[in-house]
Amino acid sequence: MDLAYTEEEEEFRARLRKWLASVLPGLPAKPPPDDWPARRAYDTAWQRMLHDAGYAGLHWPLDAGGRGATPTQHLIYLEETERAGAPYVGANFVGLLHAGPTIAAEGTAGQRARWLPPVLRGDEIWCQGFSEPDAGSDLAALRTRAVRDGDHYVVSGQKIWTSHAEVADWCELLVRTDPEAPKHRGISWLAMPMDAPGITVRPLRTLAGSTEFAEMFLDEVRVPVSHRVGAENDGWRVTMVTLSFERGTAFVGEVVACRRTLGELAAAARVNGRWDDPVLRRRLGRLNAEFRALWRLTQWNVSEAQRSGGVPGTGGSVFKLRYSQARQELYGAAAEVLGADSLDLDREWVLDRLSSLSYTIAAGTSQIQRNIVAERMLGLPKGR
């Protein structure tokens, strides 16, 4: 296996580094974490800069408005932007990493033309309306109803953990369009405008004090039938496409961030004297090997997605399963390095540690990922 970069890839890296060095010093300070309108403005301004420089949707297909970059170029981009300390996608997360790729893969030509350019430019923000109070890990048990009324669906129900609902323009929404069908077969995937009458959004405060999630109440919200992505009652299959992106490629940049954090942890341990503990050194060494292996798995998953038409496969569940645990272990080690300071919410890594606790639940629980690996990759029988 030849893991060396080609001359063309190294030229791409050099151009990207030069551009990042020229624009990052001029960025304004990041807004406070609880000021979501300001965070939206900051994140979308960065997205527009990426778009104007030709880096938006780098790995998206050309017919979806992307640059059609190779998987290796995409990974180089993620490496270099993270190492340079460039802003993350932030409020653009759902549109860029979930809804956009799903519409690119499953939408009509008209839907791609309507929704993808504003995502890439940073003009519109999306949120995710999948989970419900009584349908978390068992997503197919959702109850939000969509009743056909001429050219519209009339939607009523409740969603929870709706990412970025406070500032979103659109919602990727799962609804039940056939209550008589088996639960996996009566679902449709809709693009719902967030300014439609009948939508109530209530922010949810997390353990870390942030409000990037909300509960959403839908009272006879009218959504045009033309906003359905995929066929009616085929939404579960479309959802699997969305989730394959969420689990397969959405966390790629975070692996690079975790490797950087690990280096910072080792440096801090040398300063405060905890590096003398051989048990801690072994722990950090094992985590270094863990994240190097996860990066190789990332390369493989992205390459497989490219070969299969751009949609990640079930290998994303292997990555998601192990990455979630490794991230928790990383910030557990951070608490050990910080000692008593790990209780101070103003200290670096403390909020990241609290956030890491959600990763074995978010984007599909670890139990669900194990089932996917067992049934779809190993061919084991379904549990009873």
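Calculation notes
Residues numbered from 1 in each chain as written. Predicted model: local features only at pLDDT ≥ 70, side-chain atom pairs only at ≥ 80, totals over all residues. Heavy atoms only, no water. Core = buried A, V, L, I, M, F, W, Y, C linked by side-chain atoms within 4.5 Å. Buried < 20%, exposed > 50% of the residue type's maximum accessible area, 1.4 Å probe, protein only. Helix = DSSP H or I, 4+ residues; strand = E, 2+ residues; numbered from the N terminus. Contact = heavy atoms within 4.5 Å. Pairing = 2+ DSSP bridges. Expected span 1.5 Å × (residues − 1). Phe/Tyr/Trp six-rings, centres within 6.5 Å; stacked < 30°, edge-to-face > 60°. Lys NZ or Arg CZ within 6 Å of the ring centre and 35° of its normal.

Caption draft 1: Region of the structure containing the nonpolar core. Formed by 68 residues in total, the largest nonpolar core has its most connected members in Trp126, Trp189 and Phe291. It is helix α9 (residues 315-338) that provides the largest number of residues to this core, a total of nine residues. For Phe291, the contacting residues outside a window of four places in its chain are Val255, Cys258, Arg259, Tyr323, Ala326, Arg327 and Leu330.

Caption draft 2: Inspection of the pairing of strand β4 (residues 170-176) at higher detail. Summarising burial for β4: seven of the seven residues are buried, a large majority. Judged by which residues are buried, β4 turns out to be covered on both faces: Trp170, Glu172, Leu174 and Arg176 on one side and Cys171, Leu173 and Val175 on the other are all buried. Where strand β1 (residues 126-129) and β4 come together, four bridges link them in parallel fashion. Across the sheet, Gly129 pairs through a bridge with Leu173, a residue of β4. Bridging between β4 and strand β5 (residues 187-193) involves seven bridges; their strand directions are antiparallel. Along β5, the bridge assignment pairs Cys171 with Met192.

Caption draft 3: A look at helix α3 (residues 71-83). End to end, α3 covers 18 Å across 13 residues, agreeing with the expected 18 Å (1.5 Å per residue, within 8%). For α3, every residue scored as buried is listed here: Pro71, Gln73, His74, Leu75, Ile76, Tyr77, Leu78, Glu79, Glu80, Thr81 and Glu82.

Caption draft 4: Inspection of the packing of aromatic side chains at higher detail. Counted by the stated rule, this structure contains eight aromatic pairs. Note on Trp19 and Trp46: the rings are 5.7 Å apart at their centroids and 35° apart in plane angle, and the pair reads as tilted. In this pair, Trp19 sits in helix α1 (residues 7-23) while Trp46 sits in helix α2 (residues 36-53), placing the two residues 27 residues apart along the sequence. Measuring from ring centre to ring centre gives 5.5 Å for Trp115 and Trp170, while their planes differ by 75°; the resulting arrangement is edge-to-face. Taken together, the positions of Trp115 in helix α5 (residues 109-121) and Trp170 in strand β4 put the pair 55 residues apart, joining distant regions of the chain. Comparing Trp115 with Trp170, the two get one shared label, buried. A connected cluster of aromatic rings, assembled from ring pairs, spans Phe12, Trp19, Trp46, Tyr55 and Tyr77. In this structure, Arg148 is placed above the aromatic ring of Tyr153, and the distance from its NZ or CZ to the ring centre is 5.7 Å.

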